[in-house]
Amino acid sequence: MPALKSQNEKGFTLIEVIASILLITIILISLFSLLVQSNKTTNSSKNIVDATYVAQVEMEKIFSERKVSTLSDVVANRSSPWLDYSVPTAADKTAASQSCSPSVDFFSSSHTFEKTDADFSYKLTIKPHCKDKNLANVIVEVYEESTLKSVMENIYTWK
């Protein structure tokens, strides 16, 4: 004699449907949060890469300028590429002061310049190298909304 099927065996129960919807919802929420976090990381990386690029551009300007001007001329005349940087205040000069030798000349203190454009603000610091007066540490800092995004430093010889 064949087995009789009951009414409950024809399809899915309500509990099975709710459980499957709940499981699919949990999986989709996890994937969505992963995509959101990935987007945040991509934007953050893009900002850092952009800041590093503009720091490199500023450093290349300085590199090319050092071939045609002395460091003292650049700072005294604020020639290219520093024309768009602001002159530091007396407080900035005092704060940036760094003694390398007993002699008092350009190479006995640091010089800091700042500028801001639509996307970033820049801080250019030229520090004397304590071992050789023809060398200077050049530091370019790039800020986005007062947050440091990139720092680049080189030691250059000057003409």
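Along every chain, residues carry numbers that run from 1 in the direction the sequence is written. Residue-level local features of this predicted model are given only where pLDDT is at least 70; pairs of side-chain atoms are given and counted only at 80 or more, and the full residue set underlies all totals for whole chains, interfaces and linings. In computing side-chain values, all of the structure's heavy atoms are included and hydrogens and water are not.

**Here's the deal with helix H1 (residues 14-65)**
Put simply, DSSP marks the helices as runs of H or I at least four residues long and the strands as runs of E at least two long, and each gets a number from the N terminus on. By this rule the span expected of a helix is its residue count minus one, scaled by 1.5 Å. Here H1 contains 52 residues, and its C-alpha end-to-end distance of 77 Å stays within 8% of the 76 Å for a straight helix at 1.5 Å per residue. Burial here depends on accessible area, computed with a 1.4 Å probe over protein chains only, as a share of the maximum for the residue type. Under 20% is buried, over 50% is exposed, and the range in between is partly exposed. Listed as buried for H1 are Ala51, Val54, Ala55, Glu58, Met59, Ile62 and Glu65.

**Details of the pattern of salt bridges**
Put simply, a salt bridge is a Lys or Arg side-chain nitrogen that is within 4 Å of an Asp or Glu carboxyl oxygen. Following the criterion strictly, the structure yields four salt bridges and no others. Among the salt bridges present, the one from glutamate 58 reaches lysine 61, with a minimum N-O distance of 3.2 Å. Taken as a pair, glutamate 58 and lysine 61 lie in helix H1 at a separation of three residues, close to a single helical turn. On the basis of relative accessible area, glutamate 58 is assigned to the buried category, the value being 5%. One salt-bridge network, in which partners are shared between bridges, spans Glu58, Lys61 and Lys115.

**Section: the pairing of strand S1 (residues 111-116)**
The sheet contact formed by S1 and strand S2 (residues 121-128) spans six bridges and is antiparallel. Residue pairing in the sheet places threonine 116 in a bridge with serine 121 of S2. We treat two strands as partners when DSSP finds at least two bridges between them. Taken together, S1 and the strand that follows it, S2, pair antiparallel across an intervening segment of four residues.

**A look at a nonpolar patch on the surface**
Taken together, Leu23, Ile24, Ile27, Leu28, Leu31 and Leu34 make up a surface patch of nonpolar side chains, about 600 Å² in accessible area. Look at leucine 28 and you get exposed, because its relative accessible area is 51%. By definition, no residue in a patch forms a salt bridge, and every one has over 30% relative accessible area; like charges are joined within 9 Å, nonpolar side chains (Val, Leu, Ile, Met, Phe, Trp, Tyr) within 5 Å. Only the protein chains shown count as cover for residues, and all accessible areas are computed by the Shrake-Rupley method using a 1.4 Å probe.

**Section: the nonpolar core**
What is meant by a nonpolar core is a set of buried Ala, Val, Leu, Ile, Met, Phe, Trp, Tyr and Cys residues, joined one to another through side-chain atoms within 4.5 Å. One finds Met59, Ile62, Phe120, Leu124, Val138, Val140 and Val142 to be the most contacted residues of the largest nonpolar core, which totals 16 residues. Mapped by element, the contributors of at least two residues to this core are H1, S2, strand S3 (135-144) and strand S4 (147-157). Counting residues per element, this core draws most heavily on H1, which supplies five residues.

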